[in-house]
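# Observations on chain architecture
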Amino acid sequence: MKKSITLILACIFVISGYSQAIYESFRSIKLDQSRELKIQLPRNYKKNVEKTYPLIIVLDGDYLFEPVAGNVDYFSYWEDMPESIVVGVNQRKTRVDDCRYDNAEFLPELKGAEFFEFIGQELVPHLNKTYRTAQLKIIVGHDYTANFINYFLFKDNPIFQGYICLSPELAPPMAERITNKLATISDIWYYLATATNDADNIKKELVAFDEKMQAIENPDMHYFFDNFDESSHYTLVGRGIPKALEAIFEMYRPISKKTYKDVLLTIETSPYDYLVDMYRTTEQLYGIKREIRINDFIAVSTAIEKNQTWSELEPLGKLAIKEHPDVMLGHYYLGMFYEQTGEPKKAMRAYENGFQLAEVAFLTKDYMLDKVNKIKEDFGW
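Now for a look at the structure at hand. Given the structure is predicted, the values throughout are model-derived calculations rather than measurements.

All right, on to the packing of aromatic side chains then. Considering all chains together, one arrives at 27 aromatic pairs under this definition. Pairing phenylalanine 148 with tyrosine 151 gives two aromatic rings, centres 5.8 Å apart and planes at 75 degrees, and the pair type is edge-to-face. For phenylalanine 148, a relative accessible area of 0% translates into the label buried. Assessed through its relative accessible area of 4%, tyrosine 151 is described here as buried. Taken together, the ring pairs connect Phe26, Phe115, Phe116, Phe118, Phe148, Tyr151, Phe152, Phe154 and Phe160 into an aromatic cluster.

With that settled, consider the side chain of glutamine 161. Secondary-structure assignment places glutamine 161 in the loop between helix H6 (150–153) and strand S6 (162–166). For glutamine 161, a relative accessible area of 15% translates into the label buried. Of note is the side chain of glutamine 161, whose polar atom sits 3.4 Å from the backbone oxygen of isoleucine 159. Non-local contacts of glutamine 161, meaning those with residues more than four positions away in its chain, are made with Gln135, Leu136, Lys137, Asp187, Ile188 and Trp189.

Considering soluble globular proteins, one finds that nonpolar side chains tend to be buried as a cluster. Formed by 52 residues in total, the largest nonpolar core has its most connected members in Ile57, Ile119, Tyr163 and Tyr190. Looking at which element gives the most residues to this core, the answer is helix H4 (residues 111–130), with 7 residues. Membership of the second largest hydrophobic core comes to 36 residues, among which are Leu264, Tyr279, Ile304 and Tyr332.

Burial in helix H7 (residues 174–182) covers these residues: Met174, Ala175, Ile178, Thr179 and Leu182. For H7, the angular spread of the buried residues around the axis is 130 degrees, confining them to a single face. Here the buried face of H7 lies against helix H5 (144–148), H6, strand S7 (188–197), helix H8 (200–214) and strand S8 (221–232).

A few words now on helix H2 (residues 61–77). Taking 1.5 Å of rise per residue, 17 residues should cover 24 Å, and H2 covers 22 Å from first to last C-alpha, within 8% of that figure. Taken as a whole, H2 has its buried residues at Gly61, Leu64, Phe65, Val68, Ala69, Gly70, Asn71, Val72, Asp73, Phe75 and Ser76. Directly after H2, the chain includes glutamate 79, whose backbone phi takes a positive value near 65 degrees.

With that settled, consider the packing of helix H13 (residues 313–323) against helix H14 (residues 329–340). The N-to-C vectors of H13 and H14 enclose an angle of 165 degrees; their axes lie 7 Å apart at closest approach. Taken as axis vectors, H13 and H14 run roughly antiparallel relative to one another. Here H13 runs over H14; the crossing is left-handed. Each of Leu313, Glu314, Leu316, Gly317, Lys318, Ala320 and Ile321 in H13 lies in contact with H14, whose residues at this interface are Leu329, Gly330, His331, Tyr333, Leu334, Met336, Phe337 and Tyr338. Its residues assigned to classes, the contact of H13 with H14 shows 10 nonpolar, 3 polar and 2 charged.

What follows deals with the sheet that holds S8. Strand order in this open sheet of 8 strands is S1-S2-S4-S3-S5-S6-S7-S8, and the pairing throughout is mixed. The open sheet is flanked by strand S1 (21–28) and S8, the only strands paired with a single partner. Direction aside, the axes of adjacent strands within the sheet are offset by 20 degrees on average. Bridge analysis of strand S3 (residues 53–58) against strand S4 (residues 85–89) gives 4 bridges, and the strand direction is parallel. Opposite valine 58, over in S4, you have glycine 88 as the bridge partner.

The rules we used
- One numbering rule holds for all chains: residues counted from 1, following each sequence as written.
- pLDDT decides what is reported in this predicted model: residues at 70 or higher carry local features, side-chain atom pairs at 80 or more are listed and counted, and totals for whole chains, interfaces and linings draw on all residues regardless.
- Heavy atoms from the whole structure form the basis of all side-chain values; hydrogens and water molecules are not counted.
- For Phe, Tyr and Trp, rings pair up if their centres lie within 6.5 Å, where Trp contributes its six-membered ring, and each pair is then called stacked (planes under 30 degrees apart), edge-to-face (over 60) or tilted (otherwise).
- Type-normalised accessible area, obtained with a 1.4 Å probe on protein chains alone, sets the label of each residue: buried when under 20%, exposed when over 50%, and partly exposed for intermediate values.
- Here a strand is any run of E in DSSP of at least two residues, a helix any run of H or I of at least four, and the numbering for each starts at the N terminus.
- We call two N or O atoms a polar contact when they sit within 3.5 Å, provided that within protein one can donate a hydrogen and the other can accept it, with sequence-adjacent residues counted only if both atoms are side-chain atoms.
- Working rule for contacts: check all heavy atoms of both residues, and any pair within 4.5 Å makes them a contact.
- Only buried residues count toward a nonpolar core. Its members are Ala, Val, Leu, Ile, Met, Phe, Trp, Tyr and Cys residues joined through side-chain atoms within 4.5 Å.
- This arc is built from the directions going out from the helix axis to the C-beta atoms.
- In this scheme, a helix's expected span is set at 1.5 Å multiplied by one less than its residue total.
- Note on geometry: axes are C-alpha line fits, over the in-contact stretch for helices, and angles between N-to-C directions span 0 to 180 degrees.
- Roughly parallel refers to an angle under 35 degrees, roughly antiparallel to one over 145, roughly perpendicular to one between 65 and 115, and oblique to any angle outside these ranges.
- Helix crossings are classified by the rotation of the near helix relative to the far one: an anticlockwise turn of less than a right angle makes the crossing left-handed, while a clockwise turn makes it right-handed.
- Put simply, Ala, Val, Leu, Ile, Met, Phe, Trp, Tyr, Cys and Pro go in the nonpolar bin, Asp, Glu, Lys and Arg in the charged bin, and everything else, Gly too, in the polar bin.
- Pairs of strands are assigned from DSSP output, requiring at least two bridges between the strands.

Set out below in structure tokens:
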């Protein structure tokens, strides 16, 4: 087990080595001081000049930035989440004052109120102006700072849509406030984590909080909870970050073998419609428009062939040509459609058109030529 964890961490740090952190000192008017930032841009940020990226703000950046940035780079490398901009705010000497709240209303006060305004009114606007940030914004905190990030949730139009709360040391009424807010809000991802060896007071309160959340029925809110076995207040961080990213970006990931088997093969409507709706939904949820993956096309087409719903290959082929005009995939689907619906001449032309384009996946020029020759042979042309 220890060897596996070491290997995973090694992979993360090797991969993240290609995404060098930028260190910036940002002068805050609200705080009347400069704050040290760590910024990790996506690997191809300079090359993809038209692309926008989700923004992830990490409090306790002096120790929490690297595990978040490493996981983000690792997950995005495998396309399990979008490439993202990660910004850590160092708080080694200021975290207590930064997250201070009063003992009457339990809301940010003094330096805490100033830090709240610094994040919302200075830092995020600065990052939006300086970098190509997308609509989706996530904030991460641990214990004291994990309590603080919830204050952004209570705004009428929260600037953050994702909250990763790692073993938060909640203010007295915070659990009730969060529960009430999440019961009515839409398009919010909320991840909460504790562990069996967490501080007793924190663990007890978070388990009770989760029990209350289980009673909430709000399909427009996405809530996730982990109580890690045998982890402590500090080691749960290493397990919670990847679990949170997996949960938040579940809809972003490629079609899995499980989805293929449980959904595409048994769907009562249309695998093609499922594919279109999947990408439309992720665009609405994350504010990111992306081209449809080749592997997702293949998963859908395989389900269509398995169920012999040949009519769906026509719109699938046209969509593949639109999404990937330089490869032969879409023309292959059109050829299959015409071949299975009794139009061999159109099928032959479609395969010939595909032959001229780039090979992709299992499709080669020899394969496409064989399809053409087989039709000619069958019909004596």
